[in-house]
Amino acid sequence: MATVEQLEDMKTEGMVLARTPRQLAFARLRRDYVALISLAFIVLLVLFALAGPLFESWTGHPVNRSNSTGVDDYTLLPVGPLHGCADGLASVGERACFVLGASNNLGYDMLVQLSFGARTSLIIGIVATFLTMVVALLLGVIAGYVGGWTDTVIARLMDVVAAFPFLLFAIAASVAFGASLWFVILIIAIFSWFYPGRIFRGEVMSLRNREFVTAARMLGASNTRIVLRHLMPQLIGPLTVYASLSVAGAIAAEAALSYLGFGLPLEIPSWGRMISDAVPGGLYINAPFLMVFPGTLLVLTVLAFNLLGDGLRDALDPRGGTLL
Amino acid sequence: MRLLTVDDLRTTFRTDDGPVGAVDGVSLSVDAGQVLGIVGESGCGKSALSLSIMGLLPKSATITGSIRLGEQELVGLAGSELRQLRGDDMAMIFQDPMTSLNPVMRIGEQLIEAIRLHQRVSKAEARRLAVDGLAAVGIPSPEDRMRAYPLELSGGMRQRVMIAMALLNRPRLLIADEPTTALDVTTQAQILELMRELRREVDAAIVLITHDLGVVAELCDEVAVMYAGRIVERAPVAELFAHPQHPYTWGLLASLPGRSGAEERLYQIPGTPPSLLHPPAGCRFAPRCAFAMDACRTDPAPLLTATARAGSAVACRLDQTTRDREGVRLSGTEAER
Ligand SMILES: Nc1ncnc2c1ncn2[C@@H]1O[C@H](COP(=O)(O)OP(=O)(O)OP(=O)(O)O)[C@@H](O)[C@H]1O
Ligand SMILES: [Mg+2]
């Protein structure tokens, strides 16, 4: 028996039938609270990352700077949240309070490090995803549209990349070439393009034999035009979905590499390294917040991008058809 | 003026089971301002023929013979040259308007693109031409429709848009591949009415593909009957209906509603069409033909001008007297008179 909710659903579906696929997708997304909350979280995260310099001047604790007041004189542990804040937030510099505590045994400010770490995560997530999507689109579309030998070669290449153990290879390469921001971005992109690439390839393969493509050729459109004007717009759906998922993947991968010590150089703040800073000497046992703050932020961020991606997929393809 | 000349065209699809000869030695010609109908059962190669002419075959197909548009040979033409002709000198209307328009582009964008592919005009000018094009095929409030997405239009409206799109650059050759098959009966009638009007207005040679002889009777000047990849009979429309020459044509005519005389049930040609993967050696209709002789089973009869019938040609061994007599008797033309 249909519940009132389902009937309501059917009614709205019927009403929106005359709308375009894009409008339909937005209408569905607007009702998806999980996706909306994820999106809101991401917006807040971006603001938090942008506020880094504000936090620096507000606390007087520049990023990557050790503060003697950030370490407890007796226990030699990083100070906890709200340390030295009893007198209010007015004081500046070394004596200023640590709102979220210190982030390591050098007395870095947790709030500042988290904010700049968010910046790092977002930059890596976005740039690596951009590169991933460019390669995935290029190779996926070419393979799917051209077919034949070209397709065979590209498809095998995708299989090979998919079969590579990412961490093992990344660590070996990091030892060989030395890690830098670009190294981390490139290594992530190199190992993630194959998945969306396969999706785009499949999409284009099924689109290329659709009659409207033949109709476009009938009108004299060239292959380039067909791909750019007629096929690409249809890939925007899967593109946004996999971009969102890919940002999550890239952020997690960077954190993992930096945690293991094969990721970003020390001068670039990273949530992964902040977590690993809590490990030596069992620091996290006495000061669990060292791990809890960056860990929670990392988990929530990865979760938000993943849930947003899922929400986008549901919105664009409610019957779970072609996208996965 | 002769506009389209097809000579001994053979189109073969490479498949996993072997080559499929979808078009097997077809010759035909159409003059400017004329409408040639091509009729035949499903799978006899009508679409393969029209895609061959348009150069729209998939890569798995090979093609031999000659297709001339005016003086220009199309077989073996480079892709870029063919592209300039397509949509400009020749255009095609597809069977299913639901799938032949891009679902995520506005109607207007698609029309404007079609114009600007071949005419050096400004966006605004192209837009005006597109609106005119929509108006010409009887679309109400064309300005508004320009902003619509295909799925906002009914099937009949979409097919009108498709027709408008094909006519935008005033092609010299228009191929319509079953333009009404996917539509409901009332819409079919409207689209046929539109085609009839357009026929008078556009001075193009039109190839109208259909499996509906009724449509042929209304719209065509000449008709070619296709069976299993070959043309078995070609005649002016009146001639075909009055004096059908080929046993397959008799069957087709007899199976038209209202033609089979006293019989209640619709006539059906016994047997099924042959597989194009392994076609019979001789005349491809021989296995289903009540008049087949031994020679028919080994050698196909060539498509020859029927002696006593002006303008028609038939690929059959039967003598003229038998053909005339049996044709009238079997196809039910007598009953109609
Ligand atoms: N791309 C292809 N690959 C292999 N065989 C094909 C292909 N396209 C068509 N054929 C075969 O060629 C033959 C003719 O097909 P075609 O589509 O031209 O028939 P048709 O007369 O247009 O039929 P219908 O009335 O159903 O549209 C069929 O036997 C079909 O199986
Ligand atoms: Mg067909």
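The structure under discussion appears in the preceding block.
Report on the accompanying structure. (Residues numbered from 1 in each chain as written. Chains lettered and ligands numbered in written order. Predicted model: local features only at pLDDT ≥ 70, side-chain atom pairs only at ≥ 80, totals over all residues. Heavy atoms only, no water.)

Concerning the overall build of chain B
When you go through chain B residue by residue, the secondary structure sums to 13 helices and 12 strands. Relative to the 2.2 N^0.38 estimate, which gives 20 Å for 337 residues, the radius of gyration of chain B is 21 Å and therefore close to what a compact globule would have. By its C-alpha atoms, chain B is 65 × 45 × 40 Å across when sized along the principal axes. Out of the 337 residues belonging to chain B, those deemed buried represent 54%. The centroid of the 36 positive side-chain charges in chain B is displaced by 3 Å from the centroid of its 42 negative side-chain charges. (Helix = DSSP H or I, 4+ residues; strand = E, 2+ residues; numbered from the N terminus. Rg over C-alpha atoms; globule rule 2.2 N^0.38 Å. Buried < 20%, exposed > 50% of the residue type's maximum accessible area, 1.4 Å probe, protein only. Lys, Arg positive; Asp, Glu negative; His and termini not counted. Charge placed at Lys NZ, Arg CZ, Asp CG, Glu CD.)

Structural notes on the pattern of salt bridges
Residues and elements named next belong to chain B. Applying the stated criterion across every chain, the model contains 20 salt bridges over all chains. Salt-bridge contacts for D8 lead to R10; the nearest nitrogen and oxygen are separated by 3.1 Å. Classification of R10 by relative accessible area gives partly exposed; the value is 32%. Overlapping salt bridges bring together D8, R10, D24, R230 and R284 as one network. (Salt bridge = Lys/Arg side-chain N within 4 Å of Asp/Glu carboxyl O.)

Observations concerning the packing of aromatic side chains
Aromatic rings considered in pairs are described by the distance between their centres and by the relative angle of their planes. Residues and elements named next belong to chain A. In the structure shown here, the tally under the stated rule is 11 aromatic pairs over all chains. For the ring pair F164 and F191, a centre distance of 6.0 Å and an interplane angle of 55 degrees mean the geometry is tilted. Here F191 lies in helix α8 (residues 181-192) and F164 lies in the loop between α6 (148-163) and α7 (166-177), a separation of 27 residues in the sequence. On the basis of relative accessible area, F191 is assigned to the buried category, the value being 11%. Linked through ring pairs, F164, F166, F169 and F191 together constitute an aromatic cluster. (Phe/Tyr/Trp six-rings, centres within 6.5 Å; stacked < 30°, edge-to-face > 60°.)

Some thoughts on the site of ligand 1
Residue and element names in this part refer to chain B. Within the structure, ligand 1 sits among 14 residues, and S42, G43, K46, S47 and A48 are positioned closest to it. Measuring from an oxygen atom of ligand 1, one finds a side-chain N or O atom of S42 at 2.4 Å. With respect to ligand 1, the side chain of K46 contributes an N or O atom lying 2.9 Å from an oxygen atom. For ligand 1, whose free accessible area comes to 630 Å², the fraction covered by protein is 66%. Of all the elements, helix α1 (residues 46-54) adds the most residues to the shell around ligand 1, at three residues. A breakdown of the residues in the shell around ligand 1 according to their chemical character gives six nonpolar, five polar and three charged. (Near = heavy atom within 4 Å. Polar contact = N/O pair within 3.5 Å; in protein donor to acceptor, adjacent residues only side chain to side chain. Areas by Shrake-Rupley, 256 points an atom, 1.4 Å probe, with all protein chains shown as cover. Nonpolar A, V, L, I, M, F, W, Y, C, P; charged D, E, K, R; others polar.)

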